[in-house]
Structure formats: structure tokens, C-alpha cells
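So you can see what is in the structure, the chains are spelled out below.
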Amino acid sequence: MSAAAAAKEVGGRLAAAEPLNATLHWSQALLDAEAARVDAAPAAGALGGMPVALKDNIVTVEQPTTCGSRILEGYTSPFTATAVGRLREAGAMIAAKTNMDEFAMGSSTEHSAFGRVRNPIDPERVPGGSSGGSAALVAAGVVPAALGSETGGSVRQPASFCGVVGMKPSYGRVSRYGLVAFGSSLDCISVFSRTVADAGRVLSVMTGHDPLDATTLDRPPMPVPTPLADLRGLRVGLPREYYPADLHPGVGAALQRTRAAIVELGGEVCEVSLPHSPYAVPTYYIVAPAEAAANLARYDGVRYGPRKVGPEGDIRALYQATRGEGFGAEVRRRILVGTYVLSAGYYDAYYRKAQRVRALIAEDFRQVFASGVDFLLTPTTPTPAFRAGEKTGDPVAMYLADIFVCAVSLAGLPAVSLPVGRSEGLPVGAQLIAPFFEDERLLAAAAAIERAVPAGAEVR
Amino acid sequence: MSIGRDEVLHVARLAELAVREGELDRLVDQMNRIVDYVAQLDRVPADRMTAPFLPGPASAALREDVPGPVPLARPPAELAPEFAEGFFLVPRHGAMEES
């Protein structure tokens, strides 16, 4: 099929998926232009015309970038993200910009200024977040792959809730030039797909050093992973802190089945401990808001988006009115918390302490991997997707939806969420974690597990 | 540790964020809830403290500090009505004219 014909089909699917509220910007004209470029290329490229959606915090010159926020309404970037340029060089078509929690702050995609995203499996439930629009489009079969961004689990968690693959690479593996900054020591462009193979194909073309992002690793791009035939000779650790007694029974059963599949594939399973992981969520909710408070200081009504003039008419009133009205409730809350933990008198008690606990969390992972464990297997989320509105009144209850994904982000490690079954019809995800820079080996092993575990089957 | 209305207003001023009177009490409650929650880090023994963590390999690759071309789709001069000597020229703000 030509890219032009594929673009028409994708446009039809995007239109049909409008009730999910998963897209913020797309047009058939832009899709057709993407297809014309692909069809005119002398070679198909590694992605051969694959339509890929982008979370709306990844910039392109052709479409607006809002980050799900009123404060960026009408903003279009004057440059394109490196990751998007590399996707296009590999023959991908950019299909749409997707809805998200405002500035990637949220776990349910209910904190978008442009309305909540519905989970395609059950529209009354959330798709997870903050990359919920990208997850929903892949789960609904609109596109085979989409980019999201991870700061504290914002791809793995929605992948789990929507029943798709979500791959977070090692910190620094993919250029962040053109990813709107939230928490700069944590942010990673990450991939949603329907299969592990597609995640590997998309990730491989985006990896590699970028002179425009000094935090990218100066190492060669990741080769496309070759799926392992079995897991013989590999040790998979089950960290006991990630299997609490009150784990949702459906999640527990799906993980038990995944563990059995690993053993059948010849892998050795052993219990391990990551004693500081229970502190990951409180650590994250100090570090990330502190970095966000600094990164979001640039949205002041002067350089971007709409401007409000305050009652006093001076420049500070302009800043305060623009930011007070332009940011939604969750972003304002996190800016306040971030400013508080960085302020004089509280810096040592909160921010410095969190940075040190972060080091202990990362050291736990290092020690476990150094002991001969190849991968770690955990649930991605403590429950399947929750109902819309269920946690919006209590920010801490919402934060706890990320309890199994935050520690990996703080440690900068690669991890993938795989769909491993359904509980009462809702997808359950398993998270496989690898040592730093072992992204290729992680996906090779994940492909073997994917083959062995029926993702759509109900667990008992 | 309890955060009061004055403290929230002070932090909001530091963050250049207008807070509406009607939302202040809710913000006070939520900030206390969040700060009480993260305070559990006090339970991590101080003798286990290590140096702050930096993600990625120990030696991050920093690019040479050499100015290069800016990869914009359009040159900066086309992004605003007026551009001169590397700066965007904007209208004077009323309050700033007085100073």
C-alpha cells in the first residue's frame, strides 16, 4: 500500500476515534503531505511509512504545541524535535498530536485543559497518564505506534491501563531537543506500540547522540533488538516491595502467570529486595515539582501564549495573572510545592534529602543487578485502570497510581510495560526492568515473554 | 509541619502565581496533605545518606562551547515584528516607562 493510501486510512480512523478525545491537532492535509514525502523518498526507510502520533509536548513546526495547557494556546514551535526528524528520516508519517495531562503532570489524563481522554477498553475509565492520548490511539488501533514522554512513569502506566506496550529507554538514550521540559533530571521521550518489535524499531531510529542535547549519551544508536528464543541462562528478580499483600488480585494473578511463563522459557526466577523503593513516590513528588517550578518559570505571558494584565498594571501583576489563569489546578499545585521545597529554610529538609534518598533508590538497583540478576519483573500498576473522577479530589491518591514506576525513573533505568492479561476485562501490565543502557537486551527478552503470555486472556 | 494561608500566599508570590481567594483554603489543605506525605522521607536513616544522585553515566558528554547555527525553520528576524542586534523588540510596558 502506498503511503498516500495509508494516510487516508489513518485519517478515517482518527476521525472515528474523536469520541476518545485523544487528539489535540491533526488534519488530513498534513497527513497527505507526510505521505507525499514518504512516497517520494528513494527508499522506504526502517519504518516504511509507519504512522506515528506525538504527545503534544514534542514540537513540530507544522502543528501547534500546547502541552495540554491554555498557557500555550496558539503556540507553534519554530523548530522540530530531533526525535521527530529522525522518525521522518526513517520513513515514518507523523499522524497527530495527542492529548495529555497539562505539562505531563498527572496519572489519568484528566488534567488536560482540553478535556479528559477516554480509555478505549472502557470509556468510563481513565487511560492513565500523562501520555493518555498516545496510549489510547495505539490501543484503539488508530496508529501502530506513538511517542509519549516519561518523567515518573507517564508511558508505562498508561500502557498498562490501555493494554499496549510502553517502553521507557535509559535516561539520555533519546534526544530531548524539542521535548518541552518538565523535570530535566528525569524526562525521557518514550514509545507506545502494539508489539515489542515495533517499540524496538521506533526506539532504534531515535537513539544516539544529538549535539543539540548535551544530556544525550555519546554512544552508538541502539540496534533493532533480535527477539530471544527463550530465557535460558537469565535470572529474573522479583523485588518483594513490589508485591504487597494488598495487591489487586487480578494484577497478582497476571504477574503469577508471567512468572510461570518465564520459568517455562528457561529463565530462573528469584526473590530480591529494593528496600528504598517504597520511598520513590515521596522522593519523586519533591524532585519533580522542584524541577518543574524552575522549568515552568518561562511561561510568563511575555514569551509564549495568551497574556493577562493584572489589576495593578505592572509587570509582576502581568506574570501573576497570566500564570494564575493560564495554568490548571494540578500544575499550579506542583509549582507551589516545588517552590516551597526549594525555598529558604526548607531546601535541606526536603530537596536535599530527596536527592539523597534518590541515590539510595538507584544504589538498590545497582546492587541487585551486580548480584547477577539480569532483569526485574514487577506489576506496572497496583490496579487496572480506575474510573474517571475517582482520584481527582485527592492528589496523593492519584500520585500512588505511579507507585511501581517512579523508582525506575529516579534511577534513570530502561523499563518496558507489557500487557500480560485482563482482569474483569481490563488490561494488566507487567514491568520488566534492565540495567542502565541495556535497552536492546531488555526488548529482546520482552519479545520472548510477549510470545509466551496471552495478553488478551482473562486471568483467574 | 503545618502550612498556613500566609505561607501559601508567600510561596505563590515567589512563584509569580496569582491565587484566588476562593481557592486558597483548598490549596492550603492540599499542600499540607502533600507535604505531610513527602515528610515520610524523615524515616530514612540519616546514616544511610549518600551523595546526591545524577542520572546516567558519571561523565555526561557535554558538547563543545562553540556557537553554531540555530536550527530554526525560520530565521529569528522573521519570528517577531521587530528584531535587532540579536534581540526581539517589544512595545514598552506602561509601568516600565516610568522607571
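Note that the coordinates shown come from a computational prediction; the quantities given were computed from them, not determined experimentally.

Colleague: Please provide a residue-by-residue account of the overall build of chain A, values included.
Modeller: On a plain count of helices and strands, chain A comes out with 14 helices and 11 strands. Computed over the C-alpha atoms, the radius of gyration of chain A is 21 Å, within 12% of the 23 Å expected from 2.2 N^0.38 for a compact globule of 460 residues. Along the first, second and third principal axes, the C-alpha set of chain A runs to 70 × 60 × 45 Å. Sorting the 460 residues of chain A into buried and exposed places 63% on the buried side. Taking the contacts inside chain A whose residues are at least 6 apart along the sequence as the reference set, 76% of them involve residues at least 24 apart.

Colleague: Tell me about unusual backbone geometry, and name the residues and values.
Modeller: Omega for the bond connecting Gly129(A) with Ser130(A) falls within 30 degrees of zero, at 15 degrees, which places this linkage in the cis form. Its place among the elements puts Ser130(A) in the loop between β3 (93-98) and α4 (132-139). In this model, Phe103(A) sits at a positive phi of 50 degrees, which is unusual for a non-glycine residue. Positionally, Phe103(A) belongs in the loop between β3 and α4. Residues other than glycine seldom take positive phi values, yet Glu16(B) does so here, at roughly 55 degrees. Locating Glu16(B) in the fold gives a position in the loop between α1 (5-14) and α2 (21-38).

Colleague: Would you mind going over the pairing of strand β4 (residues 145-150) of chain A in detail, with residue names and values included?
Modeller: All names here are of chain A. Burial runs high along β4: 6 of the 6 residues are buried. Residue alternation in β4 divides its side chains into two sets, Ala 145, Leu 147 and Ser 149 and Ala 146, Gly 148 and Glu 150, and both sets are buried. The pairing of strand β2 (residues 51-55) with β4 spans 3 bridges and is parallel. Its bridge partner lying in β4, Val 52 is registered against Ala 145.

Colleague: With reference to specific residues and values, describe the interface of chain A and chain B.
Modeller: Between chain A and chain B, the contact holds 52 residues from the first and 41 residues from the second. Mapped onto the side of chain A that touches chain B, the elements with two or more residues apiece are α8 (280-295), α9 (315-326), α10 (329-342), α11 (347-370) and α12 (395-399) of chain A. A per-element tally of the side of chain A that touches chain B places α11(A) first, with 11 residues. Of the residues in the side of chain A that touches chain B, the class split is 28 nonpolar, 13 polar and 11 charged.

Colleague: How would you summarise the confidence of the model for chain B if you had to cite specific residues and measurements?
Modeller: Residues and elements named next belong to chain B. Looking at chain B as a whole, its pLDDT mean stands at 80, while 79% of the residues score no less than 70. Confidence, read as mean pLDDT per element, is least for helix α3 (residues 94-98) in chain B (47) and greatest for α1 (95). Note that residues 95-99 has pLDDT below 50 and, in this model, 5 contacts with residues that lie over four places away or in other chains. On the interface metric, ipTM, the complex scores 0.89, and its pTM is 0.93.

Rules of the game
- Residues numbered from 1 in each chain as written.
- Chains lettered and ligands numbered in written order.
- Predicted model: local features only at pLDDT ≥ 70, side-chain atom pairs only at ≥ 80, totals over all residues.
- Helix = DSSP H or I, 4+ residues; strand = E, 2+ residues; numbered from the N terminus.
- Rg over C-alpha atoms; globule rule 2.2 N^0.38 Å.
- Buried ≥ 20, exposed ≤ 12 C-beta atoms within 10 Å, placed from the backbone.
- Contact = placed C-beta atoms within 7 Å.
- Pairing = 2+ DSSP bridges.
- Nonpolar A, V, L, I, M, F, W, Y, C, P; charged D, E, K, R; others polar.
- pLDDT = per-residue confidence, 0-100.

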